[in-house]
Amino acid sequence: MSSITSTMHTATYDNLLAVYRSTSILSILAGIAGVLVLRSTVRALRRKLKTTSLRGPPGTHPIFGASKDLFEAPDTGEIFETWAEEYGAAYEVPTSFGGKKIMLCDPRALSHYYAAGNMDILPCPFHLPLDTQFGRGILWSHGEDHKRQRKSLSPAFSHAALRKLAHVFYNCAHKTKAGWDALIDLSGGETAIIEIQDWMNHISLDTIGIFSAFDTSAKQSFLDIAVVLFADVFPVFSYIPVSCVQSLVDMQETLSGVAKKLLERMEKEKKEGVVDGREDKSIIGVLIKGTEAEGGRHVTPEEVLSSMKELLLAGYITTSNSLTWALVELARNPDNQSKLRDELLALTLPYLDAVVHESLRIHPPLTDFVRVATEDDVIPLSEPVITKSGQAINSISVARGTKIGLPLACINRSTAIWGPDAKVFRPERWLEKDGIPKKAQDVQGYRHLLTFADGPRNCLGKGFAVSEIKAVLSVLVKNFVFEMRDGPNTQIELCRGILPRPRIVGEEGSAMPLRVTRYEGF
């Protein structure tokens, strides 16, 4: 009997101890959660009190605000411009869970933002898996790490380095020409329907089959969209294995394999003396040399691999997209195409430069992004805006931690900045004396465009991209005539992938077939 009683006492004690321990753990967790909520509340209240209260569009979703509409829209530029016309060049947009961001569509405000340097990159919703799988290369690094890596990479993108790469661009373009000649011969005539998107992918990254790992142009489910929007506020959601997360994993695996092979080949050639003592100015060579540098320019081997993956991804996606858009615009505008071909055959290049920059203006690969204020600031405006209280102001106050949105496509195509023909593909504007309006000249980006952003985090590879696009177009336009597959009235829509891409209405994925005819007018 005493044994049974002892056993019961022991069991009761163990149960009480378990309850005590669980209660303690729950109390600790509740306390931590309470502190985090209190801190977030205090920060949000501070931002609200110190940030100008601006007008803006209402939220269309009780949880996601306007974020869901923006995420589902293939082209956010038109939405942001419509809001700017209604609410002014600076306005608030409601985001998920009661948050907000301030959109800047004002050239003076943008110039201040880029010059002040007090905004930092805001991690994307999937920054945790990106950090884990891609590493902290130049695209995701911050502060001094970013400055050090950028300084190490700069020699690879100098004018001298780009001149040495010119033959690579032309070789890739001539490979494509040979492939298209073969397709036309197989068609039995002088014309063939060619899916140019795939070919531009192969030009941008000369590794057959790598694009299949990146094709996220399929229609996204509500679960995919919800996970992205939730992850913007609660980063742990970025680990839920929906299709967009799996695409990031596939990207990382593919790019890791490519980057490691390139590194191994470079190191092998160096050991075998293939380089023969010459200084390697290629991007990979400069990255590897950075691991041997002393002082502030040193980069670690892990940063080299991370930067290689990031640059392969960023350069591949953006340049292939820009090349596709340039050919589409030339196919839609045959007079511009003929004028460009005549110039190329006459060995003059001003119009080529105009065509390339007009295409980059209308179709920036990245349509918008968000930064976060690292300190309190006052942002000047070129024209007054009306606050929620009805007051006209010429500057806005933003508190540390405020999200600032930069609508690149909106700025590039704004009729308020570029004039009434802002949305028209008209390369001549780059050659005319007064072709660039005064307000557009106030935009401080490369060639008055925000396609490559501006400031200390502007696109390091802009010269690389422009040189490649020019080389490819000069070869292809000189040798082929491009037409829309279904005639001048062919309908084009944007499909949402990693970046918005054009496709013919009714096509699957991001297919962009054009009618390509061999040019015989030499």
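Residues numbered from 1 in each chain as written. Predicted model: local features only at pLDDT ≥ 70, side-chain atom pairs only at ≥ 80, totals over all residues. Heavy atoms only, no water.

1. Section: the side chain of T51
As a reminder of what qualifies: Put simply, DSSP H or I for four residues or longer makes a helix, DSSP E for two residues or longer makes a strand, and each gets a number counted from the N terminus. Two N or O atoms form a polar contact when they lie within 3.5 Å of each other; inside protein one atom must be a possible hydrogen donor and the other a possible acceptor, and for residues adjacent in sequence the pair counts only when both atoms belong to side chains. What makes two residues a contact is simply this: any of their non-hydrogen atoms within 4.5 Å.
By secondary structure assignment, the location of T51 is in the loop between α1 (2-50) and α2 (67-72). Polar side-chain contacts of T51 include one of 3.4 Å to the side chain of T402. Setting aside residues no more than four positions away along its own chain, T51 makes contact with I102, S397, V398, A399 and T402.

2. Re the packing of helix α13 (residues 334-345) against helix α14 (residues 350-362)
Operational definition: Helix axes are fitted to C-alpha atoms over the stretch in contact, other axes to C-alpha atoms as well, and angles between N-to-C directions run from 0 to 180 degrees. Orientation labels follow simple angle bins: below 35 degrees gives roughly parallel, above 145 gives roughly antiparallel, 65 to 115 gives roughly perpendicular, and whatever is left gives oblique. Left-handed describes a crossing whose near helix is turned anticlockwise from the far helix by less than a right angle; the clockwise case is right-handed. Under the convention adopted here, Pro, Cys and the residues Ala, Val, Leu, Ile, Met, Phe, Trp and Tyr are nonpolar, Asp, Glu, Lys and Arg are charged, and Gly plus all remaining residues are polar.
Across the interface, α13 lies against α14 with an axial gap of 8 Å and an inter-helix angle of 140 degrees. For the element pair α13 / α14, the angle class is oblique. Considering only the axes of α13 and α14, their crossing is left-handed. Residues N336, K339, L340, E343 and L344 of α13 touch α14, and the partners they reach there are P350, Y351, L352 and V355. Here the residues of the contact of α13 with α14 are counted per class, giving six nonpolar, one polar and two charged.

3. Describing the pattern of salt bridges
Just so we agree on the cut-off: What counts as a salt bridge is simple: a side-chain nitrogen of Lys or Arg found within 4 Å of a carboxyl oxygen of Asp or Glu. Note on classification: 1.4 Å probe, protein chains only; a residue is buried when its accessible area is under 20% of the maximum for its type, exposed when over 50%, partly exposed between these limits.
The tally for this structure, following the rule as stated, stands at 23 salt bridges. D181 is paired through a salt bridge with R518; the nearest N and O atoms lie 3.2 Å apart. Separated by 337 residues along the polypeptide, D181 in helix α7 (residues 159-187) and R518 in strand β12 (residues 513-518) bring together distant segments of the chain. Assigned by exposure class, D181 and R518 land together as buried. Note that R426 and D421 form a salt bridge whose closest N and O atoms lie 2.9 Å from each other. Members of the salt-bridge network, linked through shared partners, are E358, R361, D421, R426, R429 and E432.

4. Structural notes on the side chain of N336
Position of N336 among the secondary structure elements: in helix α13. Apart from the residues within four sequence positions on either side, N336 is in contact with L330, Y351, F425, P427 and E428.

5. Observations concerning helix α4 (residues 107-116)
To be explicit about the condition: In this context, the arc is that of the directions from the helix axis out to the C-beta atoms.
Taken together, the buried positions of α4 are P107, A109, L110, Y113 and Y114. Buried residues in α4, looked at end-on, bunch into an arc of 160 degrees, giving them a common side.

6. Brief notes about the sheet that holds strand β9 (residues 480-484)
Strand pairing in a sheet takes place through backbone hydrogen bonds and is either antiparallel or parallel in direction. Worth spelling out the cut-off: For two strands to be treated as a pair, DSSP must find no fewer than two bridges joining them.
The strand order across the open sheet built from three strands is β4-β12-β9, with neighbouring strands paired in antiparallel fashion. Either end of the sheet is taken by a strand with one partner, and the two such strands are β4 (191-195) and β9. The average angle at which neighbouring strand axes cross in this sheet is 35 degrees, direction not considered. Pairing between β9 and β12: five bridges, direction antiparallel. Looking at the pairing, F482 lines up with V516 of β12. Across the face of the sheet, helix α18 (residues 462-479) comes into contact with β9 and β12 while running at roughly 85 degrees to β9.

7. Remarks on the pairing of strand β6 (residues 377-386)
Inspection of the sheet shows β6 paired to strand β7 (residues 392-398) by six bridges, in the antiparallel sense. Directly across from D377, in β7, lies its bridge partner V398. In this structure, the hairpin formed by β6 and β7 is closed by a connection of five residues, where G390 is found at a positive phi of approximately 90 degrees.

8. Some points on the packing of aromatic side chains
Aromatic rings considered in pairs are described by the distance between their centres and by the relative angle of their planes. Heads up, the condition is: The aromatic pairing rule takes the rings of Phe, Tyr and Trp, using the six-membered ring of Trp, and pairs them if the centres are within 6.5 Å, calling planes under 30 degrees apart stacked, those over 60 edge-to-face and the rest tilted. In this scheme, Lys NZ or Arg CZ marks a charge over a ring once it lies within 6 Å of the ring centre and within 35 degrees of the ring normal.
Counting across every chain of the model gives nine aromatic pairs. Joined through ring pairs, the aromatic side chains of W180, W199, F480 and F482 make up one cluster. Positioned above the aromatic ring of Y519, the side-chain terminus of R341 is 5.0 Å from the ring centre. Taking the ring centre of W418 as reference, the NZ or CZ of R361 above it sits at 5.2 Å.

9. Considering the environment of A115
Residue position: A115 is located in helix α4. Its relative accessible area of 68% is what places A115 among the exposed residues. When the C-alpha atoms of A115 and P456 are compared, they prove to be 8.5 Å apart, with 341 residues separating the residues in sequence.

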